[in-house]
Number of protein chains: 2
Amino acid sequence: MNETAHCRTELVAVVLGLDTIAAKEPQLCVLTTGEGDGFPSGPLQAGQASLQRSLRHWVENLTGFRLGHTEQLYTFADAEDDFGNRAVRISYMALARSSAEMASWQSVYAYFPWEDRRSDDAQAFLIPLVRHMKSWVADNERRLTRCSVAFGLDGHEWNDELVLDRYELLWEAGLLPEAGSREESEAPLFTGCLGRAMKHDHRRILATALSRIRAKIRYTPAVFDFLPEYFTLLQLQQAMETLAGRRMHKQNFRRLVQHQSLVEETDLFDPSGQGRPARLYRFCEASSQNCYLAGAKLPLPPLV
Amino acid sequence: MNETAHCRTELVAVVLGLDTIAAKEPQLCVLTTGEGDGFPSGPLQAGQASLQRSLRHWVENLTGFRLGHTEQLYTFADAEDDFGNRAVRISYMALARSSAEMASWQSVYAYFPWEDRRSDDAQAFLIPLVRHMKSWVADNERRLTRCSVAFGLDGHEWNDELVLDRYELLWEAGLLPEAGSREESEAPLFTGCLGRAMKHDHRRILATALSRIRAKIRYTPAVFDFLPEYFTLLQLQQAMETLAGRRMHKQNFRRLVQHQSLVEETDLFDPSGQGRPARLYRFCEASSQNCYLAGAKLPLPPLV
DNA sequence: TCTCTATATGCTCAATCTGAGCATAACGAT
DNA sequence: ATCGTTATGCTCAGATTGAGCATATAGAGA
């Protein structure tokens, strides 16, 4: 009972990127394996390999993708199996610069349809979920507070960064198939609302990654890791919008960015658009310490 | 080379608390073992114990302290030893409510004297370090930027949350004894400036914890975990100041707190002070989602 | 060429937030 | 009663934010 457990240590990578090529609006993508139900992962190798090096090895082996800078997300432990073995899973997040390959990646918001509030569709996904949550809440005071805060009800504002809280509430309410036994009877009620499931706890890891990147882009220049060297302010704004899952006010967003001299004007223009060509800018590393990029929000419609 | 490594999994706890009893000003304390050179830690146990449960077990066994809510910090891997064994260390942070016992804990700022900028002493600790860092920077452009941002030089502002960055810079510059071979010759130059060392990477873990808690108190009501049920606004402010390591503007701080209705007035007063008795307040959980507690800063003197 | 549409970009204005400091209130000590 | 000390209330200018109007510059079509 009190003896030391030796465990298999597994490394998992969530590689995020923006697919700016396919559609008019960028898509948030993630590198998956199999049928899009898992992330590249593998055991920590012997030899002098570090955690990061092992991770790099597995991602490259399984997908051919070469990891750049990574950030640790969270470490989970499985329950023991029948042989007394257990796995410790260390998850990492990496950001990938836009490229054509991403079209073959999976859309992040396919796993969390309610998190993409750029269009009004999200509202349609969310409403049936919230209705179900209300019955789960019943008279439980604690549950009510958690739901109000997480889903922006009862006068609370929608908070982009509470991705994990929302996921966990849906899990606890038994709405997610990963949560185990749930009759299929309710399925038709939620067609398309619940998003795609993943194996093990990978969808939870993705929720953690989305929370983290949304928090990160507000106070660090992390968005620029997704963008090419030269970009228009609209591209920058749309990258923020895609990550944050909500719209921003155009003129105010430019003011915010330019005021902090986060970007540097160039003499180049992007002639591909329909209207007046947009000036191309470049990230300005020099003054990027006190970066603040959110705040130019557009109000969201209240949830019913 | 490519075979799976089975590792020992170790859990480490950084338990922080505020010692409000001893001195007039609260002290940030941490629960340590031995001579204050390590944190309570132990291997993940077999059985159905979860990570958190194992952690709890070790902390209670080694120190008698009962953990409350914990938050995962970071997972490190040691290099392999001669037998091909290695350890994975998962670190956690916990917050403890003020109590008399804390007087026997260790002061966090004894490990990072330069991080406590409430008094001007920190300046005295920091200046020799910065002087040494400048020679380490030499003409290296990258190092210069990192130092300027981390230490608030060249027009950059001091950022409380960059504890880990500062620690790592000092490490890389070879100023810290944990970093390995360093002649004692320079020691007298830095008497008392470098802070206490710890075994393994425990001091790095403490730096991670301090970074995390400083970031956390700004946007969450985490400070209240340190305070008793009833407190004065000065106590709340001093708790923030102790954690953030800097002074705040009193009147503006109250305005900030009261405007967000984060706290609730009571009819009680604290008669223990010298002047007019301060009203006691209580944490108001209801409206704590969009909490913002920093910002009422006082300017810091420029470094030289 | 002229017009229309679409996008980029500049500018204003009110409401709010922040940093700083002055003024008053209420206690104990002398 | 007076003074030192801390709590608390209030003001004011400057900066930031949310919202929207106005103008500039492109391609497409009449």
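Not measured: the values here are computed from a predicted model.

Trainee: Kindly report on empty space enclosed by the protein, identifying the contributing residues and their values.
Mentor: Summed over all chains, the structure comprises 3 cavities of 30 Å³ or more. Each pocket or cavity is described by its volume, and for the largest cavity that value is around 80 Å³. For the largest cavity, the full set of lining residues is A:Asp160, A:Glu161, A:Arg214, A:Ile217, A:Arg218, A:Met240, A:Ala244, A:Arg246, A:Met248, A:Ala294 and A:Lys297. When contributions to the lining of the largest cavity are tallied by element, the ones reaching two or more residues are α5 (202–219) and α6 (233–244) of chain A. With 3 residues, α5(A) is the single largest residue contributor to the lining of the largest cavity. If you add up the space inside the second largest cavity, you get close to 70 Å³. What lines the second largest cavity is simply B:Asp160, B:Glu161, B:Arg214, B:Ile217, B:Arg218, B:Met240, B:Ala244, B:Met248, B:Ala294, B:Gly295 and B:Lys297. For the lining of the second largest cavity, the elements supplying multiple residues, two or more each, are α5 (202–219) and α6 (233–244) of chain B. Broken down by class, the residue content of the lining of the second largest cavity amounts to 5 nonpolar, 1 polar and 5 charged.

Trainee: Could you give me a rundown of unusual backbone geometry, with the residues and numbers involved?
Mentor: Of note in this structure, A:His200 is not a glycine but carries a positive phi near 50°. A relative accessible area of 53% means that A:His200 is categorised as exposed.

Trainee: An account of the sheet that holds strand β9 (residues 278–283) of chain A is requested, with residue identities and associated values reported.
Mentor: All names here are of chain A. With antiparallel pairing, the 3 strands of this open sheet are ordered in space as β7-β9-β8. Edge strands, defined here as strands with exactly one partner in the open sheet, are β7 (230–232) and β8 (263–270). Each strand of the sheet is rotated relative to its neighbour by a mean of 45°, with strand direction disregarded. Strand contacts of α6: β7, β8 and β9, with the helix running at about 80° to β7, the strand carrying the most contacts.

Trainee: Pulling in residues and values, what's your account of the domain arrangement of chain A?
Mentor: Residue and element names in this part refer to chain A. Annotation of chain A at the domain level lists domain 1 (8–109), domain 2 (114–195) and domain 3 (222–287). Using only C-alpha atoms to locate each centre, domain 1 and domain 3 end up separated by 28 Å. Considering only the surface of domain 1 that becomes buried against domain 3, Leu18, Leu95 and Arg97 emerge as the three largest contributors, covering 46% of it. Linking arginine 247 and glutamate 25 is a salt bridge whose minimum nitrogen-to-oxygen distance equals 3.1 Å. Joining domain 1 to domain 3, the criterion identifies 6 residue pairs in polar contact (both at pLDDT 80 or more). For the side of domain 1 that touches domain 3, the secondary structure elements donating two or more residues are β1 (6–19), β2 (27–30) and β5 (87–96). Broken down by element, the residue count for the side of domain 1 that touches domain 3 peaks at 3 residues, all from β1. Residue composition of the side of domain 1 that touches domain 3, by class: 7 nonpolar, 3 polar and 3 charged.

Reading the values: rules and limits
- Residues numbered from 1 in each chain as written.
- Chains lettered and ligands numbered in written order.
- Predicted model: local features only at pLDDT ≥ 70, side-chain atom pairs only at ≥ 80, totals over all residues.
- Heavy atoms only, no water.
- 1 Å grid on protein atoms, 1.4 Å probe; cavity = no way out; pocket = protein on both sides within 12 Å on 5 of 7 lines; lining within 4 Å.
- Points joined across faces, edges and corners; volume = space filled by probe spheres on them.
- Helix = DSSP H or I, 4+ residues; strand = E, 2+ residues; numbered from the N terminus.
- Nonpolar A, V, L, I, M, F, W, Y, C, P; charged D, E, K, R; others polar.
- Buried < 20%, exposed > 50% of the residue type's maximum accessible area, 1.4 Å probe, protein only.
- Pairing = 2+ DSSP bridges.
- Axes fitted to C-alpha atoms, helices over the stretch in contact; angles between N-to-C directions.
- Contact = heavy atoms within 4.5 Å.
- Domains from an automatic or database assignment.
- Buried area = accessible area lost by both parts, 1.4 Å probe.
- Salt bridge = Lys/Arg side-chain N within 4 Å of Asp/Glu carboxyl O.
- Polar contact = N/O pair within 3.5 Å; in protein donor to acceptor, adjacent residues only side chain to side chain.

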